[in-house]
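Residue-level structural notes
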Amino acid sequence: MKQKNSTDSHHRLHRRNEKMPDQEITIGNFNLPSRYNSEGKLFSTQDSYNMDGNKMLWHLDRLEDFNNGVRFAPIHIDAGLSKGCNIKCHYCYGVTQGNFYLESAKKYISRKALIDNYLRSAGAVGVRSIAFIGEAEPTLNPHLYEAIVVGKESGIDISVGTNGILFDTGRDGQAALEHLSWLRFNVSAGSDKSYRLIHASKEFNTLVEKIKYCVEYKRKNNLILDIGIQMVLTPKDIAEVVPLAKLGAKLGVDYFQVKHCSDTVENALGFYERLDDYEKFAPLLLEAESYGHDDYKVVVKWDKITNEGHRDYDQCLGAPFLLYTEGTGKVYSCGMFFDGKFEEGYRLGDLNKQTFQEIIESDHYWNVIDKVKNEIDVHKDCYANCRTHSCNNFLWDVKESGVTSGVVKIHSGGFTIDNPPKHMNFV
């Protein structure tokens, strides 16, 4: 039997998206104000988390180490915990990273590698936050809930991004809620009918009940926890943005975030070549924002949605500040290295064989970090609006001039050093 590879998988997803019609939209007669900053760009007035930017200004100690050539631990890590998923979202970037859905659901990082080699070690060296999001569904890993508790107890701020369907509502899930900084449910459909098409799943109502449970448990126990829902915006699901804004308000979550769709420069999912379509969605996005209020934020990531994948920097300087680990325990500086032509040459280490401290203190680690900076062409090799993109904007801006008042104005999101955004360790 021919062994399946991720290229086969994302080719199938591309074909699915070609057959899937764009959603028809009607722009209402809303007299909604368009907010533009000094650079003439739309921006969110509800982003109390600075989601559409970065939080590098609150980690200048790591910037100082970077400038002085001192080796340091990353501020943040996006961590995969499995290689599979129980649903099939039409925009899944994970298919380019080795996610084969239920066929690889039992491929996940082991308990020893996750708890001992990774989390306890990462806490010891000063990693400040880890988000269990990754390239697949974290709840497929049976060690998720223990990992949340151990990570927090090791001094790391922990968060989870999940489709929510399998989230535990027993004591394990409750302990997770008590230790998380934030919990985000990924959903790009506002009804059962559209959920079946967009996510290829019949579990919309299950998801809604899980969100309700988490919100109720948070309120009942006065937890310091932000619960949100996130939509990945594409032409195939644009008509869901307003229904989702309304749904988030009804469910009582803290925020609804609308983000761009990541795609490879090869247009693996069929959206890289359509990034210029996003501009016409602005009226609907503004309408969605109108449902936000003091206790419920609707945050559109305007910068990444409207920049058409453009980069103003010429090198990836952000690699040592924000790392990635894939679902079986391998460590990289970027998610695009998980599978394909870059995988072996840009692997930083393997948590099944090394502790996290051993990895980041090795010469190999820093040699690869330097290789990313000097050999990767960010304009030709990198996928649009990667997770490190905003950090790179900051690092490029301070490269020559340092942290000037102009840099602070651009990257502070309206916050100050003494008044940081929520969850500042999630850089």
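Scroll up to find the structure this text is about.
This write-up is about the structure you can find in this document. (Residues numbered from 1 in each chain as written. Predicted model: local features only at pLDDT ≥ 70, side-chain atom pairs only at ≥ 80, totals over all residues. Heavy atoms only, no water.)

1. Brief notes about the packing of aromatic side chains
- For the coordinates displayed, the defined rule picks out 12 aromatic pairs.
- On the basis of an interplanar angle of 75° and a centroid distance of 5.9 Å, the ring pair of Tyr145 and Phe167 is categorised as edge-to-face. Here Tyr145, found in helix 4 (residues 144-153), pairs with Phe167, found in the loop between strand 3 (157-162) and helix 5 (171-179); they are 22 residues apart in sequence, far enough to count as distant.
- For Tyr145, a relative accessible area of 12% translates into the label buried.
- Site record: aromatic cluster; members linked through ring pairs are Phe66, Phe72, Phe321, Tyr365 and Trp366.
- Against the face of Tyr346 rests Lys371, its NZ or CZ located 4.6 Å from the ring centre.
- Over the face of the ring belonging to Trp396 we find Lys399, whose NZ or CZ atom lies 5.3 Å from the ring centre. (Phe/Tyr/Trp six-rings, centres within 6.5 Å; stacked < 30°, edge-to-face > 60°. Helix = DSSP H or I, 4+ residues; strand = E, 2+ residues; numbered from the N terminus. Buried < 20%, exposed > 50% of the residue type's maximum accessible area, 1.4 Å probe, protein only. Lys NZ or Arg CZ within 6 Å of the ring centre and 35° of its normal.)

2. Notes on the sheet that holds strand 7 (residues 297-300)
- If you walk across this open sheet you meet the 10 strands as 7-6-5-4-3-2-1-8-9-10, and the pairing is mixed. The sheet is open, and its two borders are formed by strand 7 and strand 10 (347-350), each paired with just one other strand. Each neighbouring strand pair of the sheet contributes to a mean axis angle of 20°, computed without reference to strand direction.
- By the bridge criterion, 5 bridges tie strand 5 (residues 226-232) to strand 6 (residues 255-259) in an arrangement that is parallel. Across the sheet, Gly228 pairs through a bridge with Tyr255, a residue of strand 6. (Pairing = 2+ DSSP bridges. Axes fitted to C-alpha atoms, helices over the stretch in contact; angles between N-to-C directions.)

3. A closer look at the side chain of Asn117
- Secondary-structure assignment places Asn117 in helix 3 (residues 111-125).
- Here Leu351 takes part through its backbone oxygen, which lies 2.8 Å from a polar atom of the side chain of Asn117.
- Those residues in contact with Asn117, other than ones at most four positions away along the chain, are Lys112, Leu351, Asn352, Gln354, Thr355 and Phe356. (Polar contact = N/O pair within 3.5 Å; in protein donor to acceptor, adjacent residues only side chain to side chain. Contact = heavy atoms within 4.5 Å.)

4. Quick word on the state of the cysteines
- With the rule as written, the count across this model stands at 0 disulfides.
- The closest cysteine sulfur to the non-disulfide-bonded Cys85 is located on Cys89, 5.9 Å from its own sulfur.
- A disulfide-free cysteine, Cys334 has its sulfur positioned 5.6 Å from the sulfur of Cys386, the nearest such atom.
- Classification of Cys334 by relative accessible area gives buried; the value is 10%. (Disulfide = S-S within 2.5 Å.)

5. Quick notes on the pattern of salt bridges
- Counted according to the given criterion, the structure contains 15 salt bridges.
- Two residues, Lys373 and Asp370, come together in a salt bridge whose shortest N-O distance is 3.8 Å. With Lys373 and Asp370 both in helix 12 (residues 363-375) and 3 residues apart, this pair spans about one turn of that helix.
- Within this structure, Lys83, Glu135 and Glu326 form a network of salt bridges that share partners. (Salt bridge = Lys/Arg side-chain N within 4 Å of Asp/Glu carboxyl O.)

6. A short note on unusual backbone geometry
- Its identity as a non-glycine residue notwithstanding, Asn50 has a phi of 55°, on the positive side.
- Note that Asn50 resides in the loop between helix 1 (6-19) and helix 2 (60-67).
- Positive phi is not limited to glycine here, since His423 has a value of about 55°.
- With respect to the helices and strands, the residue His423 is situated in the segment after helix 14 (405-411).

7. Topic: the packing of helix 8 (residues 241-251) against helix 9 (residues 282-289)
- Interhelical geometry of helix 8 versus helix 9 gives an angle of 10° and a closest axis separation of 9 Å. Accordingly, the angle class assigned to the pair helix 8 and helix 9 is roughly parallel. Of helix 9, the residues touching helix 8 (which contributes Val241, Val242 and Ala245) are Leu284, Leu285, Glu287 and Ala288. (Parallel < 35°, antiparallel > 145°, perpendicular 65-115°, else oblique.)

8. A few points about helix 12
- With 13 residues, helix 12 should reach 18 Å at 1.5 Å per residue; the first-to-last C-alpha distance of 18 Å fits that figure.
- What helix 12 keeps buried is the set Tyr365, Trp366, Val368, Ile369 and Val372. Down the axis of helix 12, the buried set is contained in an arc of 160°. They therefore lie on one face. Residues Asn367 and Glu375 are exposed on helix 12 and point more than 90 degrees away from its buried face.
- Where helix 12 is buried, its residues touch strand 8 (322-325), strand 10 and helix 11 (356-360). (Expected span 1.5 Å × (residues − 1). Arc of directions from axis to C-beta.)

9. Regarding the nonpolar core
- In this structure, Tyr118, Ile130, Phe132, Val241 and Phe256 are the most contacted members of the largest nonpolar core, which totals 120 residues.
- Considering each element in turn, this core owes the most residues, 7 residues, to helix 7 (residues 204-220).
- One finds Tyr49, Ala131, Trp182 and Phe426 within the second-largest nonpolar core, a separate group that totals 8 residues. (Core = buried A, V, L, I, M, F, W, Y, C linked by side-chain atoms within 4.5 Å.)

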